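This is what each chain is made of:
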Amino acid sequence: MDSIQEVILSMDQNQQKEFVYFIQRNKYRKGRKDLLLFSILKEEKERKPRELVKLLQTNNLNSYHTIRKRLFNHLADFFILKSTSSEANPSSYINGMLGVVNYLFDRGLNNQAWKYLLIAETLASQYNYSDLLNSIYLLQIEKSHLNINVSLNDVVLKYQKNQVVLRQDEQLQIANSFVRNDLNTLKKEGLKINFQQIIDNTLNSLSIDKSVLKSPRVVLNLLKIIRAGIIAKQDFFDFEPYLIENYNRVFSTKELNENNLIKAEFLYMIAHTSYRNKKFEQSLNYLNQLSITLERCSSSFQQQFYGKTVHLTAANFIFLNQLDNALEKLTELSKTKQKLTIQEQLNTTVNIGIYRFLNKEYKISLKMLNELSHSDNWYKKTMGIEWVLKKNLMELILFVELEFDDLVEARIKSIERNFEVLKQNPVYKNAFNYLALIKLYVLKGRNNNVLENEISNQLTFVSYEHENIQAMAFYAWIKSKATNQDFYPTLLGLIRQ
């Protein structure tokens with residue numbers, strides 16, 4: 001796929017609309033070739049350059065490449081502007097502010113420049129960006145003669161202290177990479193993971209003092225890496241006590257307890273892990289603590305958690321037999337004016353579809369999933385291959401419920417073909433055996449007895465504590481067909497074992 005087209009397709013609909021306004025910002029004119037090229041490329045269809053030349057009604061390939069280059073420059077300017085807005089992540093925003101500072105200094109607007117330079121320092125300190133602070137302090141040292149209220153000695157002292165932190169952060173970045181590498185190795189070998197031993201060995205090998213583990217920020221970053229490995233392995237059981245133990249340890253004093261930004265990330269991680277371990281009341285308890293902590297944080301930081309916490313709250317409600325409350329939460333989220341990431345928007349649509357399915361509103365559920373109009377390849381790049389596989393499985397069982405038997409067989413063949421790369425991965429063995437069970441169920445005229453006999457032969461189970469909660473949901477549906485019961489009560493019965 002064309003590299004510019006990949007960039008365009010990574011944008012959500014709101015961003016694409018904003019870009020159209022942006023590209024016309026200086027002067028509105030009809031028949032813009034760069035805007036026409038943008039409209040063509042966002043259609044998600046691969047086209048050869050010569051075909052694009054015809055669609056653009058331009059002279060030749062050279063003219064096309066000129067238009068393409070102009071479109072790329074507009075996209076680059078648009079993303080730079082977005083990255084430096086107050087809605088961007090803090091690092092990009094601070095970098096953008098430093099650009100403004102340098103511009104003001106160049107124009108001799110020294111008082112204004114210093115004003116924004118001090119704001120940038122405050123933000124960088126708040127988010128513990130030692131690399132950005134390094135640049136900020138060097139600039140303050142260079143421009144200290146332009147501000148009579150600034151003590152050069154004080155700035156140099158802050159710079160020297162930050163140098164120690166910066167060096168430590170650089171070492172920890174290296175340590176993080178080694179921890180990630182060790183986790184990947186152990187996962188491939190199928191060995192039991194001792195989280196603390198991996199961390200201790202890594203710190204020792206890099207001669208990093210273990211006292212760094214007193215820092216909530218350092219521990220949080222290490223736990224994030226471990227969690228990424230845990231999510232891939234789909235096994236949260238052993239991670240939960242280790243996570244909670246570290247949270248209790250690093251926030252054991254009142255001074256550390258006031259670090260609300262880091263505390264919020266810890267609390268969300270614990271709430272999500274508790275949910276995946278089927279501890280729904282515990283998950284909601286940590287979400288309540290998170291809500292209290294977020295009240296002490298900036299509105300932009302709160303926004304980062306808004307969509308995620310609503311989704312997690314609704315998911316807990318589902319397994320606490322509060323389907324109506326879960327649907328109400330997500331319906332409100334889908335109508336919110338607050339900005340959601342494209343991932344949060346997609347998950348909202350899919351989860352409402354799933355919850356409608358649980359409520360036996362099959363046609364509404366299918367309508368929700370049909371709103372996802374991009375290709376599977378686009379969703380793989382945006383959401384990951386496992387998300388797309390689950391979406392396809394969800395659509396498949398909807399076809400079964402609606403008795404679209406011709407679509408069932410076609411969708412099974414499509415999944416087997418498009419996800420063949422996953423067949424070699426033992427993690428997905430049950431998913432492909434699940435397809436075989438659905439095919440058997442439909443071909444045998446929805447014979448419950450045949451299906452019930454085959455489930456134990458086709459599907460492999462682990463202990464309840466280690467079983468993936470999403471896998472249990474798919475299993476509950478096939479079991480409900482074998483036992484001729486409704487899906488949602490069957491799911492609740494499995495979870496309450």
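Residues numbered from 1 in each chain as written. Predicted model: local features only at pLDDT ≥ 70, side-chain atom pairs only at ≥ 80, totals over all residues. Heavy atoms only, no water.

## A short note on the overall build of the protein
And then number 1: The secondary structure content of the protein amounts to 26 helices and 0 strands.
And then number 2: Considering the protein as a whole, with its 497 residues, one finds that 46% of them fall into the buried category.
And then number 3: Excluding contacts between residues fewer than 6 apart, the proportion of contacts in the protein whose partners are at least 24 apart in sequence is 62%.
And then number 4: Per element, the accessible surface of the protein, about 26500 Å² overall, is 49% carbon and sulfur. (Helix = DSSP H or I, 4+ residues; strand = E, 2+ residues; numbered from the N terminus. Buried < 20%, exposed > 50% of the residue type's maximum accessible area, 1.4 Å probe, protein only. Contact = heavy atoms within 4.5 Å. Areas by Shrake-Rupley, 256 points an atom, 1.4 Å probe, with all protein chains shown as cover.)

## Section: the pattern of salt bridges
And then number 1: Under the criterion given, the structure shown has 16 salt bridges.
And then number 2: Note that glutamate 51 and arginine 47 form a salt bridge whose closest N and O atoms lie 3.4 Å from each other.
And then number 3: Judged by its relative accessible area of 34%, glutamate 51 falls in the partly exposed class.
And then number 4: The closest approach of N and O atoms between lysine 360 and aspartate 486, which form a salt bridge, is 3.4 Å. Note that lysine 360 is positioned in the loop between helix 18 (342-358) and helix 19 (362-370) and aspartate 486 in the loop between helix 25 (469-483) and helix 26 (487-495), a separation of 126 residues in sequence.
And then number 5: By relative accessible area, which is 48% here, lysine 360 ends up partly exposed. (Salt bridge = Lys/Arg side-chain N within 4 Å of Asp/Glu carboxyl O.)

## With respect to the packing of aromatic side chains
And then number 1: This structure, assessed with the given rule, holds 16 aromatic pairs.
And then number 2: On the numbers, 4.8 Å between centres and 45° between planes, the contact of phenylalanine 19 with phenylalanine 38 is tilted. Placement of phenylalanine 19 in helix 2 (residues 13-23) and of phenylalanine 38 in helix 3 (residues 33-41) is noted, with a sequence separation of 19 residues between them.
And then number 3: Through a chain of ring-to-ring contacts, three or more aromatic side chains come together here, namely Phe19, Phe22 and Phe38.
And then number 4: Stacked on the ring of phenylalanine 305, the Lys or Arg lysine 308 has its end atom at 4.7 Å from the ring centre.
And then number 5: Lysine 380 extends its terminal NZ or CZ atom over the ring of phenylalanine 419, reaching a point 4.9 Å from the ring centre. (Phe/Tyr/Trp six-rings, centres within 6.5 Å; stacked < 30°, edge-to-face > 60°. Lys NZ or Arg CZ within 6 Å of the ring centre and 35° of its normal.)

## Examining helix 20 (residues 376-383)
And then number 1: Taken as a whole, helix 20 has its buried residues at Trp378, Tyr379, Thr382 and Met383. Angular distribution of buried residues about the axis of helix 20 spans 100°; they occupy a single face of the element. For helix 20, the exposed residues lying more than 90 degrees away from the buried face are Asn377 and Lys381.
And then number 2: Tucked into the core, helix 20 has its buried residues touching helix 1 (3-9), helix 18 and helix 21 (385-401). (Arc of directions from axis to C-beta.)

## Considering the side chain of threonine 349
And then number 1: Following the sequence through the fold, threonine 349 ends up in helix 18.
And then number 2: Those residues in contact with threonine 349 that lie beyond four places of it in its chain are Met368, Glu371 and Leu372.

## Comments concerning the nonpolar core
And then number 1: Membership of the largest hydrophobic core comes to 135 residues, with the highest contact counts inside it found for Leu223, Phe266, Tyr355, Ile438, Trp477, Ile478 and Leu491.
And then number 2: Excluding residues that lie within four positions of it along the chain, isoleucine 478 makes contacts with Tyr434, Leu437, Ile438, Leu451, Ile455 and Leu459.
And then number 3: Listed in part, the 19 residues of the second largest apolar core include Ile23, Leu37, Val53 and Leu56. (Core = buried A, V, L, I, M, F, W, Y, C linked by side-chain atoms within 4.5 Å.)

## A look at the environment of glutamate 18
And then number 1: Residue position: glutamate 18 is located in helix 2.
And then number 2: On the basis of relative accessibility, which here comes to 26%, the residue glutamate 18 falls in the partly exposed class.
And then number 3: Residues glutamate 18 and phenylalanine 78 lie 60 residues apart in sequence; the distance between their C-alpha atoms is 9.0 Å.

## Notes on the packing of helix 20 against helix 21
And then number 1: With their axes 7 Å apart at the nearest point, helix 20 and helix 21 run at an angle of 130° to one another. The orientation of helix 20 with respect to helix 21, classified from their angle, is oblique. Contact with helix 20, carried on its side by Asp376, Tyr379, Lys380 and Met383, involves Ile385, Trp387, Val388, Lys391 and Asn392 of helix 21 and no other residues of that element.
And then number 2: Within the contact of helix 20 with helix 21, the residues separate by chemical class into 5 nonpolar, 1 polar and 3 charged. (Axes fitted to C-alpha atoms, helices over the stretch in contact; angles between N-to-C directions. Parallel < 35°, antiparallel > 145°, perpendicular 65-115°, else oblique. Nonpolar A, V, L, I, M, F, W, Y, C, P; charged D, E, K, R; others polar.)

## Here's the deal with unusual backbone geometry
And then number 1: Although it is not a glycine, lysine 278 adopts a positive phi angle of roughly 65°.
And then number 2: With respect to the helices and strands, the residue lysine 278 is situated in the loop between helix 14 (260-276) and helix 15 (280-294).
And then number 3: Unusually for a residue other than glycine, asparagine 321 sits at a positive phi of about 60°.
And then number 4: Position of asparagine 321 relative to the elements: it lies in the loop between helix 16 (299-319) and helix 17 (323-335).
And then number 5: Exposure remark for asparagine 321: the relative accessible area of 43% places this residue in the partly exposed category.

## Notes on a nonpolar patch on the surface
And then number 1: A grouping of Val100, Tyr116 and Ile119 is seen on the molecular surface, where their side chains present a nonpolar patch of about 220 Å² in accessible area.
And then number 2: Overall, isoleucine 119 belongs to the partly exposed group, its relative accessible area being 34%. (Patch = residues over 30% accessible without salt bridge, like charges linked within 9 Å, V, L, I, M, F, W, Y side chains within 5 Å.)

## Some points on the environment of leucine 451
And then number 1: Tracing the backbone shows leucine 451 in helix 24 (residues 448-458).
And then number 2: By relative accessible area, leucine 451 is classed as buried at 1%.
And then number 3: In this structure the C-alpha to C-alpha distance between leucine 451 and lysine 479, which are 28 residues apart in sequence, comes to 8.5 Å.
And then number 4: Those residues in contact with leucine 451 that lie beyond four places of it in its chain are Leu437, Tyr441, Ile478, Lys481 and Ala482.

## Topic: the packing of helix 16 against helix 26
And then number 1: Put simply, helix 16 and helix 26 touch, their axes get as near as 9 Å, and they point 90° apart. For the element pair helix 16 / helix 26, the angle class is roughly perpendicular. Taking contact as the criterion, the partners of Phe317, Ile318 and Phe319 in helix 16 are, on helix 26, Tyr488, Leu491, Leu492 and Ile495.
And then number 2: Partitioned by chemical class, the residues of the contact of helix 16 with helix 26 number 7 nonpolar, no polar and no charged.

## Considering the side chain of serine 480
And then number 1: Tracing the backbone through its elements, the reader meets serine 480 in helix 25.
And then number 2: A polar atom in the side chain of serine 480 sits 2.5 Å from the backbone oxygen of tryptophan 477.
And then number 3: Non-local contacts of serine 480, meaning those with residues more than four positions away in its chain, are made with Gln485, Asp486, Phe487 and Thr490. (Polar contact = N/O pair within 3.5 Å; in protein donor to acceptor, adjacent residues only side chain to side chain.)

## Regarding helix 19
And then number 1: Those residues of helix 19 lying buried are Tyr362, Ser365, Leu366, Met368 and Leu369. Buried residues of helix 19, viewed axially, fall in a sector of 155°; they line one side. More than 90 degrees from the buried face of helix 19, the exposed residues found are Lys363, Lys367 and Asn370.

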